Amino acid sequence: MEITVNGAVRIVDAEPDTPLLWVLRDNLGLTGTKYGCGLAQCGACTVLVQGLPVRSCVTPVESVAGLPVTTIETVEQDDVGRRIVEAWVAHQVPQCGYCQSGQVMAATALLKQVAAPSDSDIAAAMTNLCRCGTYNAIAAAIRNVAQG
Amino acid sequence: MKRLLASLAIPVIAVLAVGAWFTTRIPASPFDGQGKSSLSTTLERGEYVARLGDCVACHSTERGAPFSGGLAMGTPLGTIFTTNITPDKATGIGSYTLAQFDNAVRRGVGPDGRRLYPAMPYPSYARLSDDDVKALYDYFMNHVQPVQQANQASTIPWPMNMRWPLALWSAAFTDGRVYRPDPSRDASWNRGAYLVEGPGHCGSCHTPRGLAMQEEALDGSAKAYLSGALLDGWYAPSLRNDHNTGLGRWSEEDIVAYLKQGRNRHGVVFGSMMEAFNNSTQFMTDDDLQGIARYLKSLPGDPDRDGPPWQPDSATTQMLSSGAAPAMPGAATYLARCASCHGRDGMGRGAWIPPLAGATSLLAPDASSAINITLNGGGRVVAGGVSDAYRMPALRSQLSDGQIAELLTFLRGAWGNKAAAVTAAEVGTLRQHTNPASSEVIVLQMR
């Protein structure tokens, strides 16, 4: 099966119902995307498919064949993604860091769609969980990027 | 006066005598007088008929031995328990002759003339061929492990627990006919009709029931047959060619895939159908499934009942994909809880995660199935011995009645879906009835 990850066409040997997350981590070695709950609840596994945030743990790989997938490994090649990562560093958002690649992907998707999100837009889009409770720092970093 | 009474008494006694005979008689069976020696069927043949009839679904409990009975079934009068149909001589059916077995399966009459409750789907099993009854008898007598487990008495109080009135019920609501092939149809269609109307007893869930709990129709000649019904907290949808609420948009291949793999591009088995899939339909041969598909696709829909045909509408997808917080509370819940799997476009993920856009369970007149699966999640779909990779989670403890009502009201109006709103009270009722700790829990109803 052929899938397009970070701009490159990759051939993977996997059952069609294998979760995209497993293919990314185990077949392609892209371990920046994390396994959290496996139930689409926590968001640690968020990647972008056609620019929209997708929880890769519940996404059968067959369903993204032919669609562009972007992971945390190349998010900085995107202008918005790069500014998000810089703001993350400036605000020292991560504590343990486990959920943060998913948070960065979700924030990038939000700002690419809504350049100046309201607080309720941020709350609606950033449903990823963080057990360290970095939510305030995440919201501050997003607002910072939105204001330029 | 005395003579008048006496002359009246004679016809009254005669009527009573005929009535008593009729309601307690043991009907004739084509196998009367035959011993066990006439059997010559293979294990596979009988086991296959037992799979077709899905006997195990009711005659077993989750942790009990196969076919040893004991499953509680709620009826409007009280709870009855399914019986031990293992060949144990003392507590099972080990001493049944073939004719007695036949009378129980096809006519609902026990060996002592006692009538069975029609929770046993004998009105459908009446269609079984003599050969299939023989094969089934052979399977239960010679290949099922005998288990000594006494049957439990029902909780129905006297006088409602008398069985003889059921003879009158049977006379009124069953035709007791073995399946007769329709010569104007081909062999595959006739095989499908036999399986659906007979051993498959699809109508037990999918056909609406009348006041006496009888199925309103037992074969495809009536419009009510397989037109959708509420049972056990699930709405078993129409299996006729209704565009919105039935199989109108399904191809024959879609039906075969659904019954063989448990999933297709339209949906995944859930609720009571998941049990029927796990225990029965996936074991059917491809030819038999093809016949079922052929037969079901020949049953016309009813546009008056079904409403204007569903047309996809992408406005919902655009609203959910804009990145902005949706104004509707139901849509916000959808984005946070559901969209990761079912998608902003409501199209699911291939055959693995079902679509909600145009989904039968969301277009159905009764929202019970949608409420039930949101509260309690999907069960374990086991196809070919492997359980499913993607399963609907239970949201009972995460969403309130009001949130679920808003969510489902949104979904019943999204992507071109047009169905009535769901109220918090409806969700609350089903939450109570599907809570195992509740005293009003739904136990299996009449099947």
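These numbers were taken from a predicted model, which means no experiment stands behind them.

Residues and elements named next belong to chain A. With respect to topology, five strands assemble into an open sheet ordered 2-1-5-3-4, the strand pairing being mixed. Taken across any chain shown, the strands that pair with only one partner, and hence form the sheet edges, are strand 2 (8–11) and strand 4 (52–55). Within the sheet, the average angular offset between the axes of one strand and its neighbour, ignoring direction, is 40°. Pairing geometry for strand 3 (residues 46–49) and strand 5 (residues 68–70), over two bridges, is antiparallel. By the bridge assignment, Leu-48 is partnered in strand 5 with Thr-70. Of the strands in this sheet, strand 1 (2–5), strand 3 and strand 5 are in contact with helix 1 (residues 20–27), which crosses strand 1 at around 80°. Lying over the sheet, helix 3 (residues 100–113) contacts strand 3, strand 4 and strand 5, oriented at roughly 35° with respect to strand 3.

Here we come to the pattern of salt bridges. Residues and elements named next belong to chain B. Under the counting rule described, the total for this entry stands at 23 salt bridges over all chains. Residues Asp-102 and Arg-106 are paired through a salt bridge, measuring 2.5 Å at the closest nitrogen-oxygen approach. Here Arg-106 and Asp-102 lie together in helix 4 (residues 98–107), a separation of four residues that amounts to about one turn. In terms of burial, Asp-102 and Arg-106 fall into one category: buried. Here Asp-302 ties to Lys-223 by a salt bridge, and the two come within 3.9 Å at their closest N and O atoms. Here Asp-302, found in the loop between helix 12 (286–296) and helix 13 (303–306), pairs with Lys-223, found in the loop between helix 9 (203–206) and strand 3 (229–231); they are 79 residues apart in sequence, far enough to count as distant. Under the relative-accessibility criterion, Lys-223 is labelled exposed at 59%. Within the structure, one salt-bridge network assembled from shared partners comprises Arg-127, Asp-175, Arg-177, Glu-197 and Asp-219.

This part is about the nonpolar core. Residue and element names in this part refer to chain B. Grouped together as the largest cluster of nonpolar side chains are 64 residues, with contacts concentrated most on Phe-101, Phe-140, Ile-292, Tyr-295 and Leu-296. The dominant element in this core, judged by the number of residues it contributes, is helix 6 (residues 130–142), at seven residues. Formed jointly, this core draws a minimum of three residues from each of two domains, domain 1 (42–173) and domain 2 (187–306). When sequence neighbours within four positions are dropped, the list of residues in contact with Tyr-295 reads Trp-189, Gly-192, Ala-193, Val-196, Glu-197, Asp-219, Gly-220 and Tyr-225. Ranked by size, the runner-up nonpolar core spans 29 residues in total, among them Ala-357, Ala-359, Ile-371 and Ala-414.

It is worth spelling out the packing of aromatic side chains at this point. All names here are of chain B. In the structure shown here, the tally under the stated rule is 14 aromatic pairs over all chains. Seen in terms of ring centroids, Trp-250 and Tyr-258 are 4.9 Å apart; in terms of plane orientation they differ by 70°. Their pairing is edge-to-face. Residues Trp-250 and Tyr-258 agree in their burial class; the two are buried. Ring pairs connect the aromatic residues Phe-67, Phe-101, Tyr-137, Tyr-139 and Phe-140, which therefore count as one cluster. Above the plane of the ring of Trp-21 lies Arg-25, whose end atom (NZ or CZ) is 5.7 Å from the centre. A cation over an aromatic ring shows up here: Arg-51 above the ring of Phe-283, its NZ or CZ 3.7 Å from the ring centre.

Residues and elements named next belong to chain A. Checked against the element boundaries, Ala-14 lands in the loop between strand 2 and helix 1. Linking Ala-14 and Met-1, residues 13 residues apart in sequence, is a C-alpha distance of 7.3 Å. In contact with Ala-14, not counting residues within four places along its chain, are Met-1, Val-23 and Asn-27.

Turning our attention to helix 8 (residues 187–197) of chain B. Residue and element names in this part refer to chain B. For helix 8, the buried fraction is high: eight of the 11 residues fall into the buried class. Of all the residues in helix 8, the buried ones are Trp-189, Asn-190, Gly-192, Ala-193, Tyr-194, Leu-195, Val-196 and Glu-197. By the N-cap criterion, in which a side-chain oxygen at the helix start approaches the backbone nitrogen of a residue two or three places on, helix 8 is capped by Asp-186, the distance to Ser-188 being 3.3 Å.

Before going further, it helps to examine the side chain of Asp-54 of chain B. Residue and element names in this part refer to chain B. Within the secondary structure, Asp-54 is located in the loop between helix 2 (43–53) and helix 3 (55–58). Arg-51 is the oppositely charged side chain nearest to the buried, salt-bridge-free Asp-54, at an N-O distance of 6.1 Å. Contact partners of Asp-54, with chain neighbours within four places excluded, come to His-201, Glu-275, Ala-276, Asn-279 and Ser-280.

Residue and element names in this part refer to chain A. Entries for chain A in the domain assignment read domain 1 (2–72) and domain 2 (74–146). Placing a centre on the C-alpha atoms of domain 1 and another on those of domain 2 gives a separation of 20 Å. The interface of domain 1 with domain 2 comprises 19 residues on the first partner and 13 residues on the second. Between the two partners, domain 1 and domain 2, sit zero salt bridges. At the junction of domain 1 and domain 2, the tally comes to 11 residue pairs in polar contact (both at pLDDT 80 or more).

What counts as what
- Residues numbered from 1 in each chain as written.
- Chains lettered and ligands numbered in written order.
- Predicted model: local features only at pLDDT ≥ 70, side-chain atom pairs only at ≥ 80, totals over all residues.
- Heavy atoms only, no water.
- Pairing = 2+ DSSP bridges.
- Helix = DSSP H or I, 4+ residues; strand = E, 2+ residues; numbered from the N terminus.
- Axes fitted to C-alpha atoms, helices over the stretch in contact; angles between N-to-C directions.
- Contact = heavy atoms within 4.5 Å.
- Salt bridge = Lys/Arg side-chain N within 4 Å of Asp/Glu carboxyl O.
- Buried < 20%, exposed > 50% of the residue type's maximum accessible area, 1.4 Å probe, protein only.
- Core = buried A, V, L, I, M, F, W, Y, C linked by side-chain atoms within 4.5 Å.
- Domains from an automatic or database assignment.
- Phe/Tyr/Trp six-rings, centres within 6.5 Å; stacked < 30°, edge-to-face > 60°.
- Lys NZ or Arg CZ within 6 Å of the ring centre and 35° of its normal.
- Polar contact = N/O pair within 3.5 Å; in protein donor to acceptor, adjacent residues only side chain to side chain.
- Lys, Arg positive; Asp, Glu negative; His and termini not counted.

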